[in-house]
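# Coordinate inspection notes
Listed below are the residues making up each chain.
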Amino acid sequence: MSTLVTGIGELVTNDEAFGPGPLGTVPDAALVVADGVVTWVGPATSAPDADRLVDLAGRAVVPGFVDSHAHLVFAGDRAAEFAARMTGARYDGGGIASTVAATRAATDEQLRARLAALVAEMRAQGTTTVEVKSGYGLTVADEARSLRLAAEVTPETTFLGAHVVPPGADRADYLALVTGPMLTACAPHARWADVFCEPASPHAFDGDEARAVLTAGRAAGLGLRVHANQLSAGPGVQLAVELGAASADHCTHLTGADVDALAGGTTVATLLPGVEFSTRSPYPDARALLAAGVTVSLATDCNPGSCFTSSMAFCLALAVREMAMTPAEALWSATAGGAAALRRADVGRLSPGARADLAVVDAPSWLHLVYRPGVPLVRSLEVS
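Just so you know, these numbers come straight off a predicted model, no measurement behind them.

Another aspect to go through is the confidence of the model for the protein chain. The predicted coordinates should not be examined in detail at positions where pLDDT is low. This prediction gives the protein chain a mean pLDDT of 97; 100% of its residues lie at or above 70. By mean pLDDT, helix α1 (residues 79-86) is the weakest element of the protein chain at 90, and strand β12 (residues 268-271) is the strongest at 99.

At 3.6 residues per turn, the α-helix brings residues three or four places apart onto the same side. The terminal C-alpha atoms of helix α3 (residues 108-123), which comprises 16 residues, lie 22 Å apart, in line with the 22 Å expected from a rise of 1.5 Å per residue. Among all positions of α3, only L111, L115, L118, V119 and M122 are buried. Taken around the axis of α3, the buried residues stretch over an arc of 100°, which confines them to a single face. At its buried positions, α3 is contacted by β5 (65-67), α2 (96-105), β6 (127-130), β7 (132-133) and α4 (140-150).

With respect to the element layout, R287 can be found in helix α10 (residues 286-291). Separated by 160 residues in sequence, R287 and T127 have C-alpha atoms that sit 25 Å apart. Leaving out residues up to four positions away in the same chain, R287 has contacts with M323, A324, M325, T326 and E329.

We now examine the sheet that holds strand β10 (residues 223-228). Pairing within the open sheet is parallel, and its seven strands lie in the order β7-β8-β9-β10-β11-β12-β13. Where the open sheet ends on each side, the last strands, each with one partner, are β7 and β13 (296-298). Inspection of the sheet shows strand β9 (residues 192-197) paired to β10 by four bridges, in the parallel sense. When the sheet's bridge partners are listed, W192 is paired in β10 with G223.

Let us now look at the pairing of strand β1 (residues 2-12). Across the eleven residues of β1, ten count as buried, placing the element largely inside the fold. Examined bridge by bridge, β1 and strand β2 (residues 25-34) share eight bridges and lie antiparallel to one another. Its bridge partner lying in β2, E10 is registered against P27. One ladder, built from seven bridges, connects β1 with strand β4 (residues 52-63); its direction is parallel. If you follow I8 over to β4, its bridge partner there is R59.

With that out of the way, let us pick up the nonpolar core. Counting residues in hydrophobic clusters, the biggest one holds 90 residues, and the most contacted among them are L72, L298, L316 and L331. Residues contacting L298, with those up to four places away along its chain left out, are V66, L271, P273, M312, C315, L316, A319, M323, M325, A330, S333 and A334. Core analysis: the next-biggest nonpolar cluster, separate from the first, contains 18 residues, L11, V26, A29 and V41 among them.

Each pair of packed helices can be described by the angle between their axes along with the distance between the axes. Two numbers describe how helix α11 (residues 312-322) lies on helix α12 (residues 327-341): the axes approach to 9 Å, and their chain directions differ by 140°. What the angle tells us is that α11 and α12 run oblique. The way α11 lies across α12 gives a crossing that is right-handed. On α12, the residues touching M312, L316, A319 and V320 of α11 are P327, A330, L331 and A334. Its residues assigned to classes, the contact of α11 with α12 comprises eight nonpolar, no polar and no charged.

It is worth spelling out the pattern of salt bridges at this point. Enumeration according to the criterion identifies 17 salt bridges in this entry. Here R123 makes a salt bridge to E382, at a shortest N to O gap of 2.6 Å. With R123 in helix α3 and E382 in the segment after β15 (378-381), the pair connects residues that are 259 residues apart, well separated along the chain. Residue E382 is classed as exposed on the basis of its relative accessible area of 58%. Residue K133 pairs with E131 through a salt bridge whose shortest N-O separation is 2.6 Å. By relative accessible area, K133 is classed as buried at 0%. Judged by its relative accessible area of 0%, E131 falls in the buried class. Salt bridges here are not isolated pairs; linked through shared partners, they connect E131, K133, D194 and R225.

Calculation criteria
Throughout this description, residue numbers start from 1 for each chain and increase along the sequence as written. pLDDT decides what is reported in this predicted model: residues at 70 or higher carry local features, side-chain atom pairs at 80 or more are listed and counted, and totals for whole chains, interfaces and linings draw on all residues regardless. As a convention, hydrogens and water are excluded, and side-chain values are obtained from all of the structure's heavy atoms. As a per-residue quantity, pLDDT reports the predictor's confidence and falls between 0 and 100. By definition, any uninterrupted DSSP run of H or I lasting at least four residues is a helix, any uninterrupted run of E lasting at least two residues is a strand, and each is numbered from the N terminus. Multiplying 1.5 Å by the helix residue count minus one yields the expected span of that helix. Burial classes follow relative accessibility: with a 1.4 Å probe on protein chains only, a residue under 20% of its type's maximum area counts as buried, one over 50% as exposed, and anything between as partly exposed. Taking the helix axis as origin, the arc is that swept by the directions to the C-beta atoms. Throughout, a residue-residue contact means that at least one pair of heavy atoms, one from each residue, lies within 4.5 Å. If DSSP finds at least two bridges between two strands, the strands pair. Among the buried residues, those of types Ala, Val, Leu, Ile, Met, Phe, Trp, Tyr and Cys that are joined through side-chain atoms within 4.5 Å form a nonpolar core. An axis is simply a line fitted to the C-alpha atoms; with a helix, the fit covers only the stretch in contact. Between two such axes, the angle follows the N-to-C directions and lies from 0 to 180 degrees. Orientation labels follow simple angle bins: below 35 degrees gives roughly parallel, above 145 gives roughly antiparallel, 65 to 115 gives roughly perpendicular, and whatever is left gives oblique. Handedness of a helix crossing follows the sense of rotation of the near helix relative to the far helix, less than a right angle counterclockwise being left-handed and clockwise being right-handed. In this classification, Asp, Glu, Lys and Arg are treated as charged, Ala, Val, Leu, Ile, Met, Phe, Trp, Tyr, Cys and Pro as nonpolar, and every other residue, Gly included, as polar. A pairing counts as a salt bridge when a side-chain nitrogen of Lys or Arg comes within 4 Å of a carboxyl oxygen of Asp or Glu.

Here's what the structure looks like:
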């Protein structure tokens, strides 16, 4: 069965073949979907017939948001930690231990319910693809459990046993566990391997440790991602580029050499402005990255500690207001940029052959996503 979606006041395709600029915007548009795939795009006046009709009455349509960095398998609450940061406490990753304890104590049913609720919350705000990391179990059994649950909601699952060193653990012994038995148990349930490379944190991993984690993950057949340069300048970004990681995430503290490395490689710089909002930290220099020709993505980093938001629209508004990205750059980065960070060609765009992941904006233009921050204007649209 085919469906004609018409009455689109403004359609963002992210395909320059359909309109000017990287957003490829089509006014007064329509598109046809069959078997979950876009088969036709163009002016509504030229639309072909279809079996079913959906009229959006002048609303804008954008590709569903691609949230390429999220930590959704967890239990517990860290609202008190957020309140402490708002009065001056510094974030260094130490609070992760409290989430680990709560997650280990939770049942599968409790973790599954929280995960499903967060994914539904994201879909209700226009996110149609989400990456989900482990990292709050930090034992072989709990990390594998987290990834099995994550795989129930997304194919974009990431092994993050190297999130922090658990309290009381020997660093060398824990690194051997992560790169050995834990990786063996988790790799069948993961697409990616990740590491929190942050020498400035006593809880995270230095450059040599991060290299060991990533090379082991690659040898196990996993793609690579890196938490890099969040709290200070360090080796994370250049390590990510050297090893061909799909994405270096955070990129808050970059040197000129880091920017040059990203510009010369294939690694996407994933910026997470909700973290800077929630930790009162400096925002990444998005303009320097974009000026150098680096591919930039935006994601939520939804997690219970450093950024508990599921709203990509909120992250767009922060990117525009605090990181000087243009609205068009921010929207592209939250859709096509996220797809690039996941090395996906089937999402982040709305042109023939793409998945029919539509997000409807309850306004005549997609610009209202940043023009009206905090207003729930966008939702995903199920079309078969």
